[in-house]
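Chains, contacts and geometry: an overview
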Amino acid sequence: MLDLLVILVWLACVLIVGWSALSFTFKKGPSSPGERMALSYGAGIGLITIEMALLSFFNIKFNIFSIMIWWVPLVAWALLSDYREKRFIFSPAGAKKQKPFSLAEKFFIFGISFEAVYAFFRALIKPMEAYDAIAIYALKAKIFYFAKAVPHGFAASFKDIVPHVEYPLLLPLSETFFYIFSGSVNDLAVKIMFPLYYLALLSVFYFLSRRFLERKASLFFTFLFATIPQITDFATNGYADLPLAFYCSTSFFYLYLWLRQKERSFLVISFICSLFALWTKTEGLVFALINAAVAVICMMKQKQIRPVGLIYALLSVLAVAAYLLIVHSIGLAVNEDFALSQASPASRILTGIKRIPAILYEYQIQFFGPKKWNIIWVLFIAGFIAKFRKSFSKDILPATLAIAFVFAGYTAIYMLSAAPQGFGWHLSTSGSRLFIHFLPITVFWLVLIFKESKLEI
């Protein structure tokens, strides 16, 4: 019962910080409370962990008061603003306009609900146990909790103890924040944040799909996404890949909405989520650059070069450059797997080219691996071949470019990898995780193909 109370108070603080920040950032944007709540969860964790890093920089120790006090003025302002804008008013008249749920829709809702509840159950029946979840993230979280800060010189002092000390700190600091609320290192209850990311991602995906499809089709694609085993597994194991998928995919989703509707608030959400992706895992660098490229290319294709879009692309590139500069300034590599090779650039490029067949073979294992992915990649390949020309139409081009750029970026990563355990080990153990990061974009691509083909369920 005490753990449940801790979880509820912690979650309320995360949501109210995220909700308040969204109110401050834009006045127009997600109209659905469910969509805004999902965004608030991701934004709340991102903002609080960045704040915790700043508190450490200014030698302010972590406790509930020192973390939450700074948000009081923002929360007060947001509540007043929401009250004035009447955002809390629920209109029963609008609810009555909804059609009754069909049998198929009830089945999809049951399936989605079952997977969500089961993810929470699986996450909370056992404590943190996966190797990377403990060694890379939870160990850092415990250090920060007992030090009540990110210790100065942490990277230099702990690089021989903590694997991948160079990884961004969103996940370990979010776990530290939970420990602070719990008053102890609670490796069981802390796992609640991962199925919550899963639920938030499903919510954002559904409300995005609902903008383009009728309710039954939106529920179908959300059901399709929710039941993918690789997604549900990573909603429970404590890895950073599902949080990264949330931020990367949400960033692209709202960039796509901006390209369609030119509403600036969508671009703001996209940029903020790009920053949080950078703060979650180094692969966020790839997605920030991809979003910048997609924005510029699609504006050129539409012959509508908007200054705000160019600013978005420029700020995305500058954010990546700033991240690289900060990492270099504290004596770290962006990823130690790329810092171990002593070969010349020419030799590494030649080695990378020789690796391409092995990389493509690993990709096809993922494409045709129903045990992890159901038939989602088969549907994508079939849809791309059958609707090749439509894939490059105005409305689908951004998603097609994003997926192509992700494959190109991740292929380049594997080509240059110098993991100490060897290239083959790195490829076989990480391939299925990297596919998680852009899977929501791929399912959204299917949504767009479905819409453009004027299909029905």
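Heads up: the structure comes first, above all this text.
Below is a short write-up of the structure. (Residues numbered from 1 in each chain as written. Predicted model: local features only at pLDDT ≥ 70, side-chain atom pairs only at ≥ 80, totals over all residues. Heavy atoms only, no water.)

Quick word on the environment of Pro-440
Relative to the helices and strands, Pro-440 is located in helix H21 (residues 423-452). Residue Pro-440 is classed as buried on the basis of its relative accessible area, which comes to 0%. Along the primary structure Pro-440 and Ile-231 are separated by 209 residues, whereas in three dimensions their C-alpha atoms are 9.8 Å apart. (Helix = DSSP H or I, 4+ residues; strand = E, 2+ residues; numbered from the N terminus. Buried < 20%, exposed > 50% of the residue type's maximum accessible area, 1.4 Å probe, protein only.)

With respect to unusual backbone geometry
Non-glycine residue Lys-262 carries a positive phi angle of around 60°. Assignment of secondary structure puts Lys-262 in the loop between helix H13 (241-261) and helix H14 (264-278). Judged by relative accessible area, Lys-262 falls into the buried class, the value being 18%.

Side note on the layout of surface pockets
Here the largest pocket defines a volume of roughly 1,000 Å³. Around the largest pocket, the lining is made up of 28 residues, and of these Ala-53, Leu-169, Trp-279, Ile-326 and Ile-330 lie nearest the centre. Elements represented by at least two residues in the lining of the largest pocket include exactly helix H2 (33-57), helix H8 (154-158), H14 and helix H16 (307-329). With 6 residues, H16 is the single largest residue contributor to the lining of the largest pocket. (1 Å grid on protein atoms, 1.4 Å probe; cavity = no way out; pocket = protein on both sides within 12 Å on 5 of 7 lines; lining within 4 Å. Points joined across faces, edges and corners; volume = space filled by probe spheres on them.)

Some points on the side chain of Gln-302
Looking at the secondary structure, you find Gln-302 in helix H15 (residues 284-302). Dropping the residues within four chain positions of it, Gln-302 is found in contact with Leu-259, Lys-262 and Lys-394. (Contact = heavy atoms within 4.5 Å.)

Comments concerning H16
The terminal C-alpha atoms of H16 lie 32 Å apart, and with 23 residues this matches the ideal 33 Å at 1.5 Å per residue to within 8%. Buried within H16 we find Gly-309, Tyr-312, Ala-313, Ser-316, Ala-319, Val-320, Tyr-323 and Val-327. In this structure, the buried side of H16 is in contact with H13, H14 and H15. Count one or two residues on from H16 and you reach Gly-331, which has phi positive near 80°. (Expected span 1.5 Å × (residues − 1).)

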